[in-house]
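Architecture at a glance
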Amino acid sequence: MVNYIKNTIKMKYNVDIDLKPRPVLQELIEDLTNKMLAQKAVLADLEHMNAGSSLVRGLQADIKLLDQVIERCYAQQELIDARAEQIIGLN
């Protein structure tokens, strides 16, 4: 019975907590980046084939928007990381 109590106490306090900030937006950033790269490849093909200027302008606008969203995701990830570091510092 004493061993059981010691093991229970040992297990109770042997907790491994990982407090390192996790890149929670990393998957989203990668997906958006892949989408942007695919759009750029299509744009390059369209420009090579002398496609309609309306379609080209639309893709250029989409690429610009994706780039802005990716930048905002990186900024949000930095804020998340800073907040996590601040919380760790309080403990």
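Residue positions are counted from 1 within each chain, in the order its sequence is given. Note on the predicted model: pLDDT of at least 70 is required for a residue's local features to be given, and 80 or more for side-chain atom pairs to be given and counted; whole-chain, interface and lining totals, by contrast, use all residues. Note: side-chain values were computed over all heavy atoms of the structure, leaving out hydrogens and water.

As for helix α2 (residues 26–48)
Put simply, the test is: Strands are runs of DSSP state E lasting at least 2 residues, helices are runs of H or I lasting at least 4, and numbering of each runs from the N terminus. Working rule for helices: expected span equals 1.5 Å times residues minus one. Each residue's exposure class comes from its accessible area (1.4 Å probe, protein chains only) as a fraction of the maximum for that residue type: buried when under 20%, exposed when over 50%, partly exposed otherwise.
Between its terminal C-alpha atoms α2 stretches 33 Å, which fits the 33 Å expected from 23 residues at 1.5 Å a residue. Ile29, Leu32, Met36, Gln39, Leu43 and Leu46 are the residues of α2 that are buried. Count one or two residues on from α2 and you reach Asn50, which has phi positive near 55°.

A few points about the side chain of Gln39
Condition: Any pair of residues with heavy atoms lying within 4.5 Å of one another is described as a contacting pair.
Take Gln39: it is sitting in helix α2. Discounting chain neighbours no more than four positions away, the residues touching Gln39 are Leu59, Asp62, Ile63 and Leu66.

A word on the environment of Pro23
With respect to the helices and strands, the residue Pro23 is situated in the loop between α1 (2–13) and α2. A C-alpha to C-alpha distance of 8.9 Å links Pro23 and Glu78, two positions 55 residues apart in sequence.

Description of the confidence of the model for the chain
A low pLDDT score tells you not to read the predicted coordinates there in detail. We apply this condition: Scored from 0 to 100, pLDDT records how confident the predictor is in each individual residue.
Across the chain, the average pLDDT comes to 81, with 74% of residues at or above 70. The least confident element of the chain, judged by mean pLDDT, is α1 at 49; the most confident is α2 at 94. Across residues 2–9 the pLDDT falls below 50, and counting only partners more than four positions away or on other chains, this stretch makes 0 contacts in the model.

Here's the deal with unusual backbone geometry
For Asn50, which is not a glycine, the phi torsion comes out positive at approximately 55°. Relative to the helices and strands, Asn50 is located in the loop between α2 and α3 (53–90).

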